[in-house]
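# Overview (structure and organization)
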Amino acid sequence: MDKEQFDQDVTNKRDVETAAEISPSEDRYRRSEKEGGQQTTDSGKLFGYIALILSIAAFFFAPILVGAAGIVFGVLAKRKGADVLGNIALIISILAIVISLFTAPYV
């Protein structure tokens, strides 16, 4: 092996190592999950049902407190993949809070 070929091999190895360090790592699991659509996990459904129960309960007692908890659990449900349950819980919770704010002076 002559000196020119050795220098060329060393330069090529440095380029490959630098490129591997700079380029973003490929996360095959997340990529396949995004391409296949977002899958709902069991914990997402659980958070969704808890959020739905809290948001309905917000109409009956402590609307601001229980409604806020319904909003938090609705957002968690959406993040876990239960979009429909999360959206419904968010809408109902916000509605309960708004209605309570308008009717509170008359009660």
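Anyway, here's the lowdown on the structure attached to this text. (Residues numbered from 1 in each chain as written. Predicted model: local features only at pLDDT ≥ 70, side-chain atom pairs only at ≥ 80, totals over all residues. Heavy atoms only, no water.)

For helix α3 (residues 42-57), spanning 16 residues, the distance from its first C-alpha to its last is 23 Å, which sits close to the expected 22 Å at 1.5 Å a residue. Looking at the buried side of α3, the elements it contacts are α4 (63-80) and α5 (83-103). (Helix = DSSP H or I, 4+ residues; strand = E, 2+ residues; numbered from the N terminus. Expected span 1.5 Å × (residues − 1). Contact = heavy atoms within 4.5 Å.)

A word on the packing of α3 against α4. Two numbers describe how α3 lies on α4: the axes approach to 8 Å, and their chain directions differ by 160°. Considering the angle they form, α3 stands roughly antiparallel to α4. Here α3 and α4 pass one another in a crossing that is left-handed. Across the interface between the two elements, Ser43, Gly44, Phe47, Gly48, Ile50, Ala51, Leu54, Ser55 and Ala57 from α3 touch Val66, Ala69, Gly70, Phe73, Gly74, Leu76, Ala77 and Lys80 from α4. Classifying every residue of the contact of α3 with α4 gives 10 nonpolar, six polar and one charged. (Axes fitted to C-alpha atoms, helices over the stretch in contact; angles between N-to-C directions. Parallel < 35°, antiparallel > 145°, perpendicular 65-115°, else oblique. Left-handed = near helix turned anticlockwise from the far one by under 90°. Nonpolar A, V, L, I, M, F, W, Y, C, P; charged D, E, K, R; others polar.)

If you trace the backbone, Ser55 turns up in helix α3. On the accessibility criterion, Ser55 (0% relative accessible area) is buried. Beyond its immediate stretch of four places on either side in the chain, Ser55 contacts Gly70, Ala89, Ile92, Ser93 and Ala96. (Buried < 20%, exposed > 50% of the residue type's maximum accessible area, 1.4 Å probe, protein only.)

Attention now moves to α5. With 21 residues, α5 should cover 30 Å at 1.5 Å per step; its first-to-last C-alpha distance of 30 Å lies within 8% of that length. Restricting attention to buried positions, one finds in α5 the residues Leu85, Gly86, Ala89, Leu90, Ser93, Ala96, Ile97 and Ser100. Projected onto a plane normal to the axis of α5, the buried residues spread over an arc of 135° and lie on a single side. Relative to its buried face, α5 has exposed residues pointing more than 90 degrees away, namely Val84, Ile91 and Phe102. (Arc of directions from axis to C-beta.)

Okay, the packing of α3 against α5 next. Contact geometry for α3 and α5: axes closest at 8 Å, N-to-C directions at 20°. With respect to their mutual orientation, α3 and α5 come out roughly parallel. Helix-helix and strand crossings are classified by hand; for α3 and α5 the assignment is left-handed. Where α3 abuts α5, its residues Lys45, Gly48, Tyr49, Ala51, Leu52, Ser55 and Ile56 lie against Leu85, Ile88, Ala89, Ile92, Ser93 and Ala96.

In this section: the environment of Gly81. Tracing the backbone shows Gly81 in the loop between α4 and α5. A relative accessible area of 6% means that Gly81 is categorised as buried. Here the alpha-carbon distance between Gly81 and Gly48, two residues 33 residues apart in the chain, equals 9.4 Å.

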